[in-house]
Amino acid sequence: MFKKILITLASLMVLFIIFNLGRQISNALEAGKRLDQAEAAFNTAKNTNDQLKQKMTQVAQPGFIEEIARNKLGLARPGETIVIIPEQAISQVLGVQKQVSEVKLPNWQAWLRLIFP
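First, a word on scope: everything that follows refers to the structure included in this document. Per chain, residues are indexed from 1 in the order of the written sequence. Reporting of local features is limited, given that this is a predicted model, to residues whose pLDDT is at least 70; pairs of side-chain atoms are given and counted only at 80 or more, and all residues count toward the totals for whole chains, interfaces and linings. Side-chain figures throughout are based on the complete set of non-hydrogen atoms in the structure, without hydrogens or water.

Helix and strand definitions here come from DSSP, where helices need a minimum of 4 consecutive H or I residues and strands a minimum of 2 consecutive E residues; each element is numbered from the N-terminal end. Looking only at helices and strands, the chain features four helices and zero strands. N-terminal to C-terminal, the α/β element order of the chain is α-α-α-α. With the radius of gyration taken over C-alpha atoms, the globule rule is written as 2.2 Å times the number of residues to the power 0.38. A compact globule built from 117 residues should have a C-alpha radius of gyration of about 13 Å, whereas the chain, at 38 Å, is more than 25% larger. Classification of residues uses two cut-offs on accessible area relative to the type maximum, computed with a 1.4 Å probe and protein chains only: under 20% is buried, over 50% is exposed, and between them is partly exposed. Evaluated residue by residue, the chain yields a buried proportion of 2% over its 117 residues. For the chain, the accessible area works out to roughly 11700 Å², and carbon and sulfur atoms hold 64% of it. Counted as positive: Lys and Arg. Counted as negative: Asp and Glu, with His and the chain ends omitted from the count. Charge coordinates come from a single atom per side chain, which is NZ of Lys, CZ of Arg, CG of Asp or CD of Glu. Taken together, the 14 basic and 9 acidic charged side chains of the chain have centroids lying 14 Å from each other. Accessible areas in this description were obtained via Shrake-Rupley with a 1.4 Å probe; residue shielding takes into account the shown protein chains only.

Put into structure tokens, the structure is as follows:
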């Protein structure tokens with residue numbers, strides 16, 4: 001009788017230990033997943049930060065400021081003249097023709113034109 005109680009207690013302790021070990025392993029795996037997610041977020045933030053630093057150094061250069069002033073604001077240096085040419089004049093000089101979009105006919109008319117040109 002004493003042996004049965006001892007075996008039962010020992011079995012319960014082993015089951016308790018196995019259950020706790022399983023729970024700790026599960027917690028460790030979840031912590032590893034959280035660590036991987038945090039590392040991925042950190043790497044993304046670091047790459048974004050590096051890109052912003054590069055953009056900041058590019059924006060700080062005087063050439064960039066002058067380019068923005070000329071192209072977007074329409075400013076010029078003293079003594080320079082700004083000339084704005086309409087797109088129609090450019091296309092006439094270059095001989096560029098705009099593509100005329102073909103009118104989409106219903107299928108039955110397209111077949112008639114194909115058969116009877």
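With zero of eight residues buried, helix H3 (residues 87-94) is to be regarded as a mostly surface element. Looking one or two residues past H3, Gly95 carries a phi angle of roughly 75°, positive in sign.

With that settled, consider a nonpolar patch on the surface. Patch construction takes residues with relative accessible area above 30% that form no salt bridge. Like charges are linked within 9 Å, and nonpolar side chains (Val, Leu, Ile, Met, Phe, Trp, Tyr) are linked within 5 Å. Think of a salt bridge as a Lys or Arg side-chain nitrogen and an Asp or Glu carboxyl oxygen that are within 4 Å of each other. On the surface, Trp108, Trp111, Leu112, Leu114, Ile115 and Phe116 cluster together into a nonpolar patch covering about 770 Å² of accessible area. Position of Leu112 relative to the elements: it lies in helix H4 (residues 107-115). Residue Leu112 is classed as partly exposed on the basis of its relative accessible area, which comes to 41%.

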